[in-house]
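Observations on the three-dimensional arrangement
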Amino acid sequence: MAVQSAQSLSQRVGWPGQGVHRVPYRVYTDPEIYAAEQHRLFRGPVWNFLGMASEVPAAGDYVTRHIGDTPVVMVRDQDGGINVLVNRCGHRGNLVCTRTSGRAEHLTCVYHNWLYDLKGNLTSVAFRRGVAGKGGMPDDFDMAGHGMPRLRTATFHDLVFATFSDEVAPLSDYLGAEMRANIERVVGRRMCLLGTHAQYMPNNWKLYMENVRDSYHASLLHMFQAAFRINRLTMDGGVRLSDGGWHHISYSKEATDRQGDETYGGKKLRAMDQGFELADPSLIARWQEYPCGTTLAIQSIFPNFIVQQIYNSIALRLCVPKGPENCELMWWVLGCEDDTEAQRQIRIVQSNMIGPAGLISMEDGVVGGWVQRATRNDGDETTVLEMGGRDVAPSEGSRATEVSIRGFWNGWRSLMAV
Ligand code: FES
Ligand SMILES: [Fe+2]
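Nothing here was measured: the structure is a model prediction, and the numbers come from that model.

Topic: unusual backbone geometry
For the bond from phenylalanine 302 to proline 303, the omega torsion is 5°, close enough to zero to count as cis. For phenylalanine 127, which is not glycine, the phi dihedral falls at a positive 55°. A relative accessible area of 64% places phenylalanine 127 in the exposed class. One non-glycine residue, tyrosine 311, adopts positive backbone phi at about 50°. With respect to the helices, strands and loops of the structure, tyrosine 311 is situated in the loop between β15 (305–310) and β16 (313–321). Classification of tyrosine 311 by relative accessible area gives buried; the value is 3%.

As structure tokens, then:
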């Protein structure tokens with residue numbers, strides 16, 4: 001689909017006013033807005049998370065991923081470098097790597113057997129000289145320039161990012177010092193992959209990214225969090241934002257919850273319906289892993305990457321758009337190389353809180369679809385995003401705020417130019 005001019009896209013979006021405290025429901029359903037996002041946002045000046053470098057340890061190891069909805073391949077070459085290639089054959093556009101992962105000496109397009117090296121260069125064209133002197137490619141066909149497009153790539157610790165943009169600042173500046181520090185705190189060690197989940201959700205990808213940034217909902221929607229005192233707004237914590245609010249961290253410290261029972265009691269809060277107990281309290285057994293006392297930290301890196309620490313449950317998440325009204329959430333569940341066996345077991349047991357059927361995160365997996373269903377015919381109507389005010393500024397001390405969602409829309413509006 002053609003990229004729209006700024007003016008007609010603006011008209012199409014119909015953003016109400018200058019702020020970011022009202023979002024028209026149309027942005028979750030409109031195919032043209034979705035198509036514009038692919039170019040202006042995912043192929044624009046952002047760094048997209050791809051996966052972990054340790055997922056492709058040896059030369060020829062590859063995994064297939066997406067940037068927005070563009071298929072890409074992350075592959076380790078013989079020099080030890082990681083290349084992120086658009087997964088599209090230079091001949092007639094076939095998907096080159098069709099498996100989710102593998103190991104290969106070169107990348108082979110099955111359609112007509114064109115071959116690419118691990119940096120994406122075209123190295124062989126089947127029957128290039130024809131057969132028995134007839135057919136074949138013209139003599140002046142130049143293999144250079146017909147490779148799989150290679151993207152600008154950067155890593156931070158074990159995390160691999162890529163961008164279509166020549167203009168975006170280096171990854172380290174894009175993240176900024178505060179965001180880098182939290183990533184470093186959570187996964188800046190020798191990590192190992194304990195497992196993965198993937199879940200398909202019947203909602204626009206931005207509804208999930210709003211949910212991730214929504215520190216207001218965490219102890220209201222999630223009965224498990226409030227009932228078992230995992231995350232309450234009465235704990236010390238806050239919301240940190242990068243410049244303009246594009247990235248965020250929401251964090252809390254469980255040991256500081258002194259007023260929780262009084263504040264949450266007697267308010268008709270569904271999450272506080274009483275009578276729940278854990279038959280097996282070891283489900284939330286944990287150890288104090290971080291000297292700072294942070295027991296929960298959810299971080300999002302614009303546009304669609306998430307770093308999670310819930311107690312000792314560490315995970316990376318990527319919300320991949322799958323058309324205007326669907327998305328796929330990928331989870332990397334992590335441990336540390338240095339974990340004791342007991343610590344490893346605690347992380348695995350705690351991972352019952354997350355993922356598609358997670359005791360906390362299953363509600364996040366459905367609520368987006370409910371919003372999608374309830375709003376799809378009302379594109380002119382808008383959300384209300386005024387908890388904590390209408391501005392985009394860090395909120396130290398309070399998480400009863402939607403400020404980090406407003407930060408997301410600040411980034412979105414600026415890249416979409418609407
Ligand atoms: S499309 Fe890939 S070889 Fe023809
Ligand atoms: Fe949630």
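What about the coordination of the iron ion (ligand 2)?
Coordination of the iron ion (ligand 2) by the protein is provided by His217 (NE2), His222 (NE2), Asp364 (OD) and Asp364 (OD), with metal-donor distances spanning 2.1 to 2.4 Å. Around the iron ion (ligand 2) sit 4 donor atoms; with metal-centred angles ranging over 57 to 149°, the donor geometry is irregular. The sequence motif formed by the donor residues of the iron ion (ligand 2) is H-x4-H-x141-D. Placement of histidine 222 in the loop between α5 (218–221) and α6 (223–227) and of aspartate 364 in helix α9 (residues 362–375) is noted, with a sequence separation of 142 residues between them. An identical accessibility class is assigned to histidine 222 and aspartate 364; each is buried.

Structural notes on empty space enclosed by the protein
Taken as a whole and judged by the stated rule, the model has 1 cavity of 30 Å³ or more. One number sums up the size of the largest cavity: a volume of about 240 Å³. Considering the residues around the largest cavity, the lining is formed by 22 residues, among which Val212, His217, Ala218, Gln225 and Ile298 are closest to the centre. Class assignment for the residues of the lining of the largest cavity results in 8 nonpolar, 9 polar and 5 charged.

Re the sheet that holds strand β12 (residues 236–241)
Strand order in this open sheet of 8 strands is β11-β17-β16-β15-β14-β13-β12-β18, and the pairing throughout is antiparallel. If you trace the sheet from one side to the other, it starts and ends with β11 (191–201) and β18 (395–396), each paired once. Pairing between β12 and β18: 2 bridges, direction antiparallel. Within the sheet, the bridge partner assigned to valine 239 lies in β18 and is serine 395. Strands β11, β12, β13 (248–253), β14 (296–301), β15, β16 and β17 (327–336) of the sheet are contacted by helix α3 (residues 171–187), whose axis makes an angle of about 135° with β14. Relative to β16, helix α4 (residues 205–212) is tilted by about 150°, and along the sheet it contacts β11, β13, β14, β15, β16 and β17.

Brief notes about the pairing of strand β9 (residues 152–156)
Where β9 lies against strand β10 (residues 159–163), 5 bridges are found, and the strand directions are antiparallel. Each residue of the ladder has a partner; that of alanine 154, found in β10, is phenylalanine 161. If you look at the hairpin formed by β9 and β10, you'll find 2 residues sitting between the two strands, and histidine 157 has a positive phi there, around 50°.

With respect to the side chain of arginine 26
Here arginine 26 shows up in the loop between α1 (6–13) and α2 (31–42). We classify arginine 26 as buried; its relative accessible area is 17%. Sequence-distant contacts of arginine 26, defined by excluding residues within four places in its chain, comprise Arg12, Val13, Gly14, Ile33, Gly379 and Asp380.

Points about the sheet that holds strand β5 (residues 101–103)
Spatial strand order, β4-β3-β2-β5: 4 strands in an open sheet with antiparallel pairing. Every interior strand has two partners, whereas the edge strands, β4 (82–86) and β5, have only one. Taking the axes of each pair of neighbouring strands and ignoring which way they run, one obtains an average angle of 30° across the sheet.

Regarding the environment of glutamate 210
Relative to the helices and strands, glutamate 210 resides in helix α4. A sequence separation of 199 residues divides glutamate 210 from tryptophan 409, and the C-alpha atoms of the two residues are 9.1 Å apart. Among the polar contacts made by the side chain of glutamate 210, one reaches the side chain of tryptophan 409 at a distance of 2.8 Å.

Some words on the nonpolar core
The biggest cluster of nonpolar side chains holds 91 residues, and the ones touching the most others in it are Ile230, Leu316, Trp409 and Trp412. With 8 residues, β17 is the largest single contributor of residues to this core. The contacts of tryptophan 409, once residues within four sequence positions are left out, are Trp15, Val20, Val23, Val27, Tyr28, Lys206, Glu210 and Leu385. Listed in part, the 17 residues of the second largest apolar core include Val73, Val96, Cys109 and Trp114.

A look at the pattern of salt bridges
Tallying each qualifying case throughout the model produces 21 salt bridges. Close ionic contact of arginine 347 with glutamate 289 constitutes a salt bridge, the shortest N to O distance being 2.8 Å. Of the two residues, arginine 347 sits in helix α8 (residues 341–350) while glutamate 289 sits in the loop between α7 (260–264) and β14, which places them 58 residues apart along the sequence. The same class applies to arginine 347 as to glutamate 289, namely buried. For aspartate 339, the salt bridge identified is with arginine 347, shortest N-O distance 2.7 Å. With a relative accessible area of 1%, arginine 347 lands in the buried category.

Criteria and cut-off values
Per chain, the residues get numbers from 1 upward, laid out in the order the sequence is written. The order in which chains are written sets their letters, starting at A; the order in which ligands are written sets their numbers, starting at 1. Restriction of local features to residues with pLDDT of at least 70 applies here, the model being predicted, together with a cutoff of 80 or more for giving and counting side-chain atom pairs; totals for whole chains, interfaces and linings are based on all residues. Excluded from the side-chain calculations are hydrogens and water; all other atoms, namely the structure's heavy atoms, are used. Burial status follows relative accessibility: with a 1.4 Å probe on protein chains alone, a residue under 20% of its type maximum counts as buried, one over 50% as exposed, and anything between as partly exposed. In this text, helices come from DSSP runs of H or I with a minimum length of four residues, and strands from runs of E with a minimum of two, each type numbered from the N-terminal end. Listed donor atoms are N, O and S within 2.8 Å of the metal (Na, K and Ca: 3.2 Å). As water is not included, a site may look incomplete. In this scheme the shape depends on donor count and angles: four donors with every angle between 85 and 135 degrees give tetrahedral, four or six donors with opposite pairs above 155 degrees and others between 65 and 115 give square planar or octahedral in turn, and any other case is irregular. Put plainly, a pocket is an open set of points on a 1 Å grid over the protein atoms alone with protein on both sides within 12 Å along at least five of seven lines, a cavity is a set where a 1.4 Å probe fits but cannot get out, and a lining residue has an atom within 4 Å of a point. Grid points are joined across faces, edges and corners, and a volume is the space filled by probe spheres set on the points. Polar here means any residue other than Ala, Val, Leu, Ile, Met, Phe, Trp, Tyr, Cys and Pro, which are nonpolar, and Asp, Glu, Lys and Arg, which are charged; Gly is therefore polar. At least two bridges found by DSSP between two strands is the condition for calling them paired. The contact definition used throughout considers only heavy atoms, calling two residues in contact when any of these lie within 4.5 Å. All axes are obtained by fitting lines to C-alpha atoms, using only the stretch in contact for helices, and the reported angles, taken between N-to-C directions, cover 0 to 180 degrees. Pairs of N or O atoms within 3.5 Å make up the polar contacts considered here, provided that, within protein, one atom can donate a hydrogen while the other can accept it, and that residues adjacent in sequence are counted only when both atoms are side-chain atoms. Buried Ala, Val, Leu, Ile, Met, Phe, Trp, Tyr and Cys residues form a nonpolar core when they are joined through side-chain atoms within 4.5 Å. For this document, the term salt bridge refers to a Lys or Arg side-chain nitrogen within 4 Å of an Asp or Glu carboxyl oxygen.

That is the geometry; function is a separate question.
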